[in-house]
Amino acid sequence: MRTDTVLKVEAIDLLLKTFGVLETERFITSIKSNNFDYTEWQKTLWNDKSVEELHKMATEFEENKYRKSI
């Protein structure tokens, strides 16, 4: 299991690779300024997706992650 510090560093690295500096800053600012509650957000995040759709999304994500690492 990763420490909190390692988790934060890896998460910021992913955000930077995905969004770049400006969009990462905007994302972090939006979470901090809106009293973002991750647990509440997760409760409704996938309400519009079926189990099959979620499985497909997860499979595609893993396949893409694997391809990028090669």
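Residues numbered from 1 in each chain as written. Predicted model: local features only at pLDDT ≥ 70, side-chain atom pairs only at ≥ 80, totals over all residues. Heavy atoms only, no water.

Let's talk about the pattern of salt bridges
Where side chains of opposite charge bring their charged atoms close, a pairing between them can arise.
(1) Moving on: Inspection of the entire model under this criterion finds 4 salt bridges.
(2) Moving on: A salt bridge links R2 to E10; the shortest N-O distance between them is 2.5 Å.
(3) Moving on: On the accessibility criterion, R2 (52% relative accessible area) is exposed.
(4) Moving on: The salt bridge involving R26 is made with E23; its shortest N-O contact spans 3.0 Å. Taken as a pair, R26 and E23 lie in helix α1 (residues 4-33) at a separation of 3 residues, close to a single helical turn. (Salt bridge = Lys/Arg side-chain N within 4 Å of Asp/Glu carboxyl O. Buried < 20%, exposed > 50% of the residue type's maximum accessible area, 1.4 Å probe, protein only. Helix = DSSP H or I, 4+ residues; strand = E, 2+ residues; numbered from the N terminus.)

What to know about the packing of aromatic side chains
(1) Moving on: The tally for this structure, following the rule as stated, stands at 1 aromatic pair.
(2) Moving on: Taking the centre distance of 5.5 Å and the plane angle of 55 degrees together, the rings of Y38 and W41 count as tilted. On the criterion of helical spacing, the pair formed by Y38 and W41 is a turn pair, its members being 3 residues apart in helix α2 (residues 38-45). (Phe/Tyr/Trp six-rings, centres within 6.5 Å; stacked < 30°, edge-to-face > 60°.)

Things to note about a nonpolar patch on the surface
(1) Moving on: On the surface, a nonpolar cluster with roughly 240 Å² of combined accessible area is contributed by I12, L16 and V21.
(2) Moving on: Checked against the element boundaries, V21 lands in helix α1. (Patch = residues over 30% accessible without salt bridge, like charges linked within 9 Å, V, L, I, M, F, W, Y side chains within 5 Å. Areas by Shrake-Rupley, 256 points an atom, 1.4 Å probe, with all protein chains shown as cover.)

Remarks on the side chain of T24
(1) Moving on: Assignment of secondary structure puts T24 in helix α1.
(2) Moving on: Polar contacts involving the side chain of T24 include one to the main-chain amide nitrogen of L16, which spans 3.5 Å.
(3) Moving on: Of the polar contacts made by the side chain of T24, one reaches the backbone oxygen of G20; its length is 2.7 Å. (Polar contact = N/O pair within 3.5 Å; in protein donor to acceptor, adjacent residues only side chain to side chain.)

This is a description of form; function is not addressed.
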